[in-house]
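The lines below spell out each chain.
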Amino acid sequence: MNLFALRSPNPDALRETADPVGPKNDDHLQAVCEEAEMVVIARGANGSLQGRASEVAGLLAGDFHALDTTKADHPVHPLYQPADADLIPWSADDLES
């Protein structure tokens, strides 16, 4: 799942698109998280764009995990983690920004 409906290898595309979230992305995120046994947040720091990370955290309930976090406690993107990385508990309450 993705915070934004728009997916692109170029983070600037999120900034340049009028509605990168899309009309049904929030509903999809909620439905998948309600059915999941475990939710691993792995979005990288770009999730803070347009306040999206905080917005989605307010929509979802449950215990979350991450592969690791940045200095500002954003969950790191899996691209930059080893395949055998251990999961750690994560809460949006700890985000600095």
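Residues numbered from 1 in each chain as written. Predicted model: local features only at pLDDT ≥ 70, side-chain atom pairs only at ≥ 80, totals over all residues. Heavy atoms only, no water.

With an unreviewed UniProt entry as reference, the protein chain is termed DUF1643 domain-containing protein, source organism Natronosalvus rutilus.

Under the defined criterion, the tally for this structure stands at three salt bridges. For Arg-52, the salt bridge is made with Asp-26, and the minimal N-O distance between the two is 2.6 Å. Residue Arg-52 is located in helix α3 (residues 52-59), and its partner Asp-26 is located in helix α2 (residues 25-35); the two are separated by 26 residues in the primary sequence. Residue class for Arg-52 comes out buried when judged on its relative accessible area of 1%. For Asp-26, a relative accessible area of 21% gives the class partly exposed. (Salt bridge = Lys/Arg side-chain N within 4 Å of Asp/Glu carboxyl O. Helix = DSSP H or I, 4+ residues; strand = E, 2+ residues; numbered from the N terminus. Buried < 20%, exposed > 50% of the residue type's maximum accessible area, 1.4 Å probe, protein only.)

Next up on the list: the packing of α2 against α3. It is at 10 Å that the axes of α2 and α3 come closest, and there the two elements cross at 50 degrees. As the angle between them shows, α2 and α3 are arranged oblique. Once α2 is placed against α3, the crossing between them reads as right-handed. Where α2 abuts α3, its residues Asn-25, Asp-26, Leu-29 and Gln-30 lie against Arg-52, Glu-55, Val-56 and Leu-59. (Axes fitted to C-alpha atoms, helices over the stretch in contact; angles between N-to-C directions. Parallel < 35°, antiparallel > 145°, perpendicular 65-115°, else oblique. Left-handed = near helix turned anticlockwise from the far one by under 90°. Contact = heavy atoms within 4.5 Å.)

Let us now look at α3. Taken together, the buried positions of α3 are Arg-52, Ala-53 and Val-56. Projection of α3 onto a plane perpendicular to its axis shows the buried side chains occupying an angular sector of 95 degrees, all on one side. (Arc of directions from axis to C-beta.)

Counting 14 residues, the largest nonpolar core has Phe-4, Val-39, Ile-41, Val-56, Leu-60, Phe-64 and Trp-90 as the members making the most contacts within it. Among the elements of the structure, α2 and β2 (64-66) are those that each provide at least two residues to this core. Residue contacts for Ile-41: discarding those within four places in its chain leaves Phe-64, His-65, Ala-66, Leu-67, Pro-75 and Trp-90. (Core = buried A, V, L, I, M, F, W, Y, C linked by side-chain atoms within 4.5 Å.)

With respect to topology, three strands assemble into an open sheet ordered β1-β2-β3, the strand pairing being mixed. Two strands lie at the open edges of the sheet, namely β1 (39-40) and β3 (88-90), each paired on one side alone. With two bridges connecting them, β1 and β2 associate as parallel partners. Each residue of the ladder has a partner; that of Val-40, found in β2, is His-65. (Pairing = 2+ DSSP bridges.)

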